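# Commentary on secondary and tertiary structure
Listed here are the chains, written in short residue letters.
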Amino acid sequence: MQACDDLCLYCVPSMPQLAPSEPLICQLNLFAGQLYFLSYEKYLHTCGFLGLNALDLGDEDLIVDSYGFIREENRPSARLSCSFKLSQLPLLKELVRMRRKSMGYLPTHLGKLL
């Protein structure tokens, strides 16, 4: 199946090539309930958007909560793009659960992130 991330799939009439920004694509994919990431870079960008600890931060000594969320005062420069003061993972879990109508999603990329 062709990816819809470039927002050009099935455009009638055809549109000029647009380049949506990475933050917009990340937000749309999370809200739409996309279960898989196209690349590891997209996964890291999503972690950065949500303020989560990931392997790209290396072995830095970070203070994270049980969900992996890095609070604002403890964020390294790689996570400064996150504007959340509290973890959004419980809300995101509930949104995905409602959209999936209790069908399993834990084996997917998003399921592993949540």
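Residues numbered from 1 in each chain as written. Predicted model: local features only at pLDDT ≥ 70, side-chain atom pairs only at ≥ 80, totals over all residues. Heavy atoms only, no water.

Within the protein chain, the secondary structure is distributed over 4 helices and 0 strands. Counting from the amino terminus, helix and strand elements in the protein chain follow one another as α-α-α-α. Going through the 114 residues of the protein chain one by one, you find that 32% of them count as buried. Partitioning the contacts of the protein chain with sequence separation of at least 6, the portion at a separation of at least 24 is 38%. Put simply, the protein chain shows about 7800 Å² of open surface, and 60% of that area lies on carbon and sulfur atoms. (Helix = DSSP H or I, 4+ residues; strand = E, 2+ residues; numbered from the N terminus. Buried < 20%, exposed > 50% of the residue type's maximum accessible area, 1.4 Å probe, protein only. Contact = heavy atoms within 4.5 Å. Areas by Shrake-Rupley, 256 points an atom, 1.4 Å probe, with all protein chains shown as cover.)

Take the side chain of Thr46 next. The residue Thr46 is located in helix H2 (residues 40–50) in this model. What makes Thr46 buried here is its relative accessible area of 4%. Within the structure, Thr46 has its side chain in polar contact with the backbone oxygen of Lys42 (distance 2.9 Å). If we skip the residues at most four places from it in the chain, Thr46 touches Cys26, Leu30, Phe37 and Leu113. (Polar contact = N/O pair within 3.5 Å; in protein donor to acceptor, adjacent residues only side chain to side chain.)

The next point concerns helix H1 (residues 22–32). Here H1 has its buried residues at Ile25, Cys26, Asn29 and Leu30. One side of H1 holds all its buried residues, which, seen down the axis, span an arc of 125 degrees. Looking at the buried residues of H1, the elements they touch are H2, helix H3 (89–100) and helix H4 (109–113). Positive backbone phi, at 85 degrees, marks Gly33, one or two positions downstream of H1. (Arc of directions from axis to C-beta.)

We now examine the state of the cysteines. In this structure the tally under the stated criterion is 0 disulfides. The thiol of Cys26 is not disulfide-bonded; the next cysteine sulfur, from Cys47, is found 9.1 Å away. (Disulfide = S-S within 2.5 Å.)

Where H1 contacts H2, the axes come no closer than 10 Å and their chain directions differ by 85 degrees. One element, H1, and the other, H2, form an angle in the roughly perpendicular class. For the pair formed by H1 and H2, the contact residues are Glu22, Pro23, Ile25, Cys26, Gln27 and Leu30 on the first element and Lys42, His45, Thr46, Phe49 and Leu50 on the second. (Axes fitted to C-alpha atoms, helices over the stretch in contact; angles between N-to-C directions. Parallel < 35°, antiparallel > 145°, perpendicular 65-115°, else oblique.)

Let us now look at the pattern of salt bridges. Under the counting rule described, the total for this entry stands at 2 salt bridges. Residue Glu22 pairs with Lys42 through a salt bridge whose shortest N-O separation is 3.2 Å. Of this pair, Glu22 sits in helix H1 while Lys42 sits in helix H2, and the two are 20 residues apart along the sequence. Residue Glu22 is classed as partly exposed on the basis of its relative accessible area, which comes to 37%. Between Arg97 and Glu94 there is a salt bridge, with the nearest N and O atoms lying 2.5 Å from each other. With Arg97 and Glu94 both in helix H3 and 3 residues apart, the pair spans about one turn of that helix. Its relative accessible area of 35% is what places Glu94 among the partly exposed residues. (Salt bridge = Lys/Arg side-chain N within 4 Å of Asp/Glu carboxyl O.)

By themselves, these are just geometric observations and shouldn't be taken as functional.
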